[in-house]
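So you can see what is in the structure, the chains are spelled out below.
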Amino acid sequence: MDYKKIIANMTLEEKALELSQVAAADIIQDADAVVTGISHSGVPREQLGEIGSVLNFSGIEAAKKIRSAPFVKKDNPLLLMQDVVHGYKTVYPLNIAIGGTFDLELAEACAEMSAIEAKANGVNVTFAPMVDLVRDARWGRVNESTGEDPYLNGLMGRASVRGYHKGGIACCVKHFAAYGAAESGRDYNTTDISDHALKEYYLKSYLECLKENPEMVMTSFNLLNGIPMNGHTELLVDLLRGQEKFDGVVISDYGGISEMIAHGYAEDLKECARIAANNEIDIDMCSLAYAKYLPELVREGKVSEEKVNRMVERVLRLKDKLGLYENASAGISEERDKTYCLSREAREIARRAAEDGSVLLENNGILPLKKDANVCLIGPYAESRELMGEWACLGKTENVVSVKKGIEKLTGKSVPSVAACSAQWNAADESGLAEALRVAEKSEIIIVCMGEYCKESGESHSRSNIELAALQVKLLHKLKETGKKIVLVLFAGRPLALTEVVPLVDAVLFCWHPGIEGGNAVANLLYGTVNPNGKITMSFPRSVGQCPVYYNCFSTGRPKHNDTYENACFTSRYIDELNAPLYPFGYGLSYTKFELKDMRLSVSTMRRGESVTVSATLKNIGNRAGREVVQLYIRDKFGSCARPVKELKGFCKIALAAGEQTQVRFKISEETLAYFTASGEYKAETGDFEVMLGTNSRDVLKTDLRLLDREL
Ligand code: BGC
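In this report, we go over the structure that sits alongside the text. Small disclaimer: the values here were computed from a predicted structure and weren't measured. (Residues numbered from 1 in each chain as written. Predicted model: local features only at pLDDT ≥ 70, side-chain atom pairs only at ≥ 80, totals over all residues. Heavy atoms only, no water.)

A count of helices and strands for the chain gives 20 helices and 26 strands. Relative to the globule expectation of 27 Å for 712 residues, the C-alpha radius of gyration of the chain, 26 Å, shows essentially globular dimensions. In terms of its C-alpha atoms, the chain occupies a principal-axis envelope of roughly 75 × 75 × 45 Å. Going through the 712 residues of the chain one by one, you find that 62% of them count as buried. Counted over contacts in the chain with a minimum sequence separation of 6, partners at least 24 positions apart contribute 77%. Of the roughly 26900 Å² that the chain leaves accessible, carbon and sulfur atoms contribute 47%. Side chains of the chain give 85 positive and 97 negative charges; the mean places of these two sets differ by 4 Å. (Helix = DSSP H or I, 4+ residues; strand = E, 2+ residues; numbered from the N terminus. Rg over C-alpha atoms; globule rule 2.2 N^0.38 Å. Buried < 20%, exposed > 50% of the residue type's maximum accessible area, 1.4 Å probe, protein only. Contact = heavy atoms within 4.5 Å. Areas by Shrake-Rupley, 256 points an atom, 1.4 Å probe, with all protein chains shown as cover. Lys, Arg positive; Asp, Glu negative; His and termini not counted. Charge placed at Lys NZ, Arg CZ, Asp CG, Glu CD.)

Next up on the list: the site of the ligand. What surrounds the ligand is a group of 13 residues, the closest being Asp83, Arg141, His175, Asp253 and Glu459. Here aspartate 83 contributes a side-chain N or O atom positioned 2.4 Å from an oxygen atom of the ligand. In this structure, an oxygen atom belonging to the ligand sits 2.7 Å away from a side-chain N or O atom of histidine 175. Here the ligand has 310 Å² of accessible area as a free molecule, and 94% of this is covered by the chains. By residue class, the composition of the shell around the ligand is six nonpolar, two polar and five charged. (Near = heavy atom within 4 Å. Polar contact = N/O pair within 3.5 Å; in protein donor to acceptor, adjacent residues only side chain to side chain. Nonpolar A, V, L, I, M, F, W, Y, C, P; charged D, E, K, R; others polar.)

Look at helix H6 (residues 104–120) against helix H7 (residues 150–166): their axes get within 7 Å of each other, and the N-to-C directions meet at 35°. You can see that H6 and H7 cross each other, and the crossing is right-handed. Residue-level inspection shows Leu104, Ala107, Glu108, Ala111, Glu112, Ser114 and Ala115 of H6 in contact with H7, the latter providing Leu155, Met156, Ala159, Ser160, Arg162, Gly163, Tyr164 and Lys166. For the contact of H6 with H7, the per-class residue count stands at eight nonpolar, three polar and four charged. (Axes fitted to C-alpha atoms, helices over the stretch in contact; angles between N-to-C directions. Left-handed = near helix turned anticlockwise from the far one by under 90°.)

Below, the discussion takes up the pairing of strand S25 (residues 687–694). Within S25, six of the eight residues are buried, leaving the element largely enclosed by the surrounding structure. Bridge analysis of strand S20 (residues 626–636) against S25 gives six bridges, and the strand direction is antiparallel. Residue pairing across strands places leucine 632 opposite leucine 693, the latter belonging to S25. Pairing between S25 and strand S26 (residues 700–708): eight bridges, direction antiparallel. Looking across to S26, one finds that glutamate 690 is bridged to aspartate 704. Between the end of S25 and the start of S26, which pair antiparallel, lie five residues. (Pairing = 2+ DSSP bridges.)

With that settled, the discussion passes to the sheet that holds strand S16 (residues 507–510). With respect to topology, six strands assemble into an open sheet ordered S11-S16-S15-S14-S12-S13, the strand pairing being mixed. The sheet terminates laterally at strand S11 (359–363) and strand S13 (417–418), the two strands that pair on one side only. Sheet topology places S11 next to S16; four bridges connect them, and they run antiparallel. Residue pairing for S16: asparagine 363 is matched across the bridge by alanine 507. Relative to strand S15 (residues 485–491), helix H19 (residues 518–526) is tilted by about 145°, and along the sheet it contacts strand S14 (445–451), S15 and S16.

This part covers the pattern of salt bridges. For the structure on display, the rule yields 51 salt bridges. Where arginine 299 meets glutamate 13, a salt bridge forms, and the shortest distance between an N and an O atom there is 3.1 Å. Of this pair, arginine 299 sits in helix H12 (residues 289–299) while glutamate 13 sits in helix H2 (residues 12–18), and the two are 286 residues apart along the sequence. Arginine 299 gets classed as exposed once you look at its relative accessible area, which sits at 56%. (Salt bridge = Lys/Arg side-chain N within 4 Å of Asp/Glu carboxyl O.)

Among soluble globular proteins, nonpolar side chains are generally buried collectively. Counting 101 residues, the largest nonpolar core has Phe176 and Tyr290 as the members making the most contacts within it. Taken domain by domain, the makeup of this core includes at least three residues from each of domain 1 (24–76) and domain 2 (170–184 + 210–321). With residues up to four places along the chain from it excluded, the contact list for phenylalanine 176 reads Leu203, Tyr206, Val217, Met218, Thr219, Ser220, Met229, Leu235, Leu236, Leu239 and Leu240. With 54 residues, the next largest nonpolar core counts Cys376, Leu475, Leu476 and Cys547 among its residues. (Core = buried A, V, L, I, M, F, W, Y, C linked by side-chain atoms within 4.5 Å. Domains from an automatic or database assignment.)

Here we take up unusual backbone geometry. Note that the residue after leucine 367, namely proline 368, is joined by a cis bond; omega there is 0°. Residue position: proline 368 is located in the loop between S11 and strand S12 (375–378). For the peptide bond that leads from cysteine 547 to proline 548, omega is -5°, which places it in the cis range. Mapped onto the fold, proline 548 is located in the loop between H19 and strand S17 (594–601). Although it is not a glycine, alanine 178 sits at a positive phi angle of roughly 65°. By secondary structure assignment, the location of alanine 178 is in the loop between strand S5 (170–176) and helix H8 (195–202). The buried category is assigned to alanine 178, whose relative accessible area is 2%. You will see that tryptophan 512, though not glycine, has its phi angle at about 50°, which is positive. Looking at the secondary structure, you find tryptophan 512 in the loop between S16 and H19. The exposure class assigned to tryptophan 512 is buried, which follows from its relative accessible area of 0%.

On to the packing of H6 against helix H15 (residues 344–357). Contact pair H6 / H15: the axes reach a minimum separation of 10 Å and the direction vectors enclose 145°. In terms of crossing hand, the pair formed by H6 and H15 is left-handed. Between H6, through Leu106, Ala109, Cys110, Met113 and Glu117, and H15, the contact on the second element is made entirely by Glu345, Ala346, Ile349, Arg352, Ala353 and Asp356. Looking at the contact of H6 with H15, its residues break down into seven nonpolar, no polar and four charged.

If you want it as structure tokens, here you go:
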């Protein structure tokens, strides 16, 4: 493919449109109409055909319409992009749940199946994986990430990239960079992060994903240290293009280029275009800055044509890689759509992911339920099919299995159920509570299905209060007064502060928004067909005032060693709250019990260039088979920069039959101990380390390791 030749034949106006993205709806609406005037997104209709890419459309018919629109160029077909974030028609659980499976193969399988479905429907590129590091549960988009650990996020992101590639579509790592650090958890808000913290925590997952060669990277909306990311030369040009040699397509987020005006960084749209182009953002998503001003900027010498050509070449290369020049409609296939979308295999993966991503937070022994237990279902999620979560893509509620359906199928009996109230945060209608209490009185165990309404997390849905909605808490108190046993099944798109409600119930199963197979997964977990094995990958705060709270934090100079309410003046503490979260990163219970013991290092002193093995015995000491995630944490006790109290460095998920035991082993090398030291160099520093193994980040076995220089 002679890109240079194609580019040489393009006018500046054509190049600018090639680098512009508009909503797919624009082309679809105009496909049969007279092609004059201004389109919905502001592009003159005569120019729509030159647009290089469109985003978000609703499946095969829409894709065909776009491809066949008479005015759309056929010799240089446009790219169809879409947010396939946790599924396409088969909707998988939220990514925060997929992270909690600690199962990279499963994460890859979810991405692969999503890609197969999306491709059959005409999608060329997905805007995923989202690998932002998230520490603040107030932020609505924590559900799109795999959590608060950079190492896990990097591995999960890589697994997704592999999956999308296997399924035959290109992908886009986002949101570069540090979008998840929005101040006060309010979406789009400022981030201010030291160089050290950027390298050490915030950039890692994006850069890790680059190892799998994703085709695209998306810039984020936020200011970073005073510079909007769409103008951040240091990260976009020096780091991403320079140091990392990323030569794929960089795209802005939706309207992000024009938002530099509101940031107070660029005076007008033309200036926005100049800044973004000079930072080699190849595609302008929906702000039309390039379409309107790029040719003029080149003519004025403010953006070099050579740079624009390079940007165009990157887009053309992507089209070529996807085979669009041979056949623009190649992937589109009704037959494959029928075969794969919502197939048994896809549903099976969705169910497994929902099961393995749900987390048993509490259980006083009431779970698993017996099939003949006299139960009822109370709460807004009892019969609801709104289980898909933020990016439901083309998922339809009619394809979702509700909790009621799942339980009735599993037990073979009908189960009485009452929604009682809405799940919305400000729900006030109490008229359903009386009926709920009447039904509850007739059963022995109340399964309460509550949580956060599915549209109350996600983009632009930050919350200042992350407790269960007041009316739901009221309902729980009333149910508690019946004296019945209560199993609380929670659905949410973020960690919730559950301190008030946990004492009211006998068990808590936290299911995030579990996707279309949610009801079957919940039934399997509640009745023990599947043993819970999911972990949380964000700390669950006791109260919102603790946010941001995360396990890989630093010690203060005045640490509070005993985290109780006792007077500990002049230590780092709250007078009205403990420091620790309610549930720590990596936590999740099972119906069996695991014991981790006999931790050993192969040697306790290691020299540079050597490695050691840390091992322990994991034993299933309960009476049923189960799976457990053993987690390796390290603390560098003293460094040229202070190091976090612990950091995840490895994990493995192990299945054991009742009574069975096994040895778990992790290798520790210099790489495991390395970090960006005070001099900026990435290396391990000699000295003392703490090595920890646990089944969550709080309860760990510890041993000491010393790293020495090589012997002379
Ligand atoms: C979101 C992105 C998304 C894009 C396109 C934006 O508002 O921040 O994550 O990919 O829209 O839909």
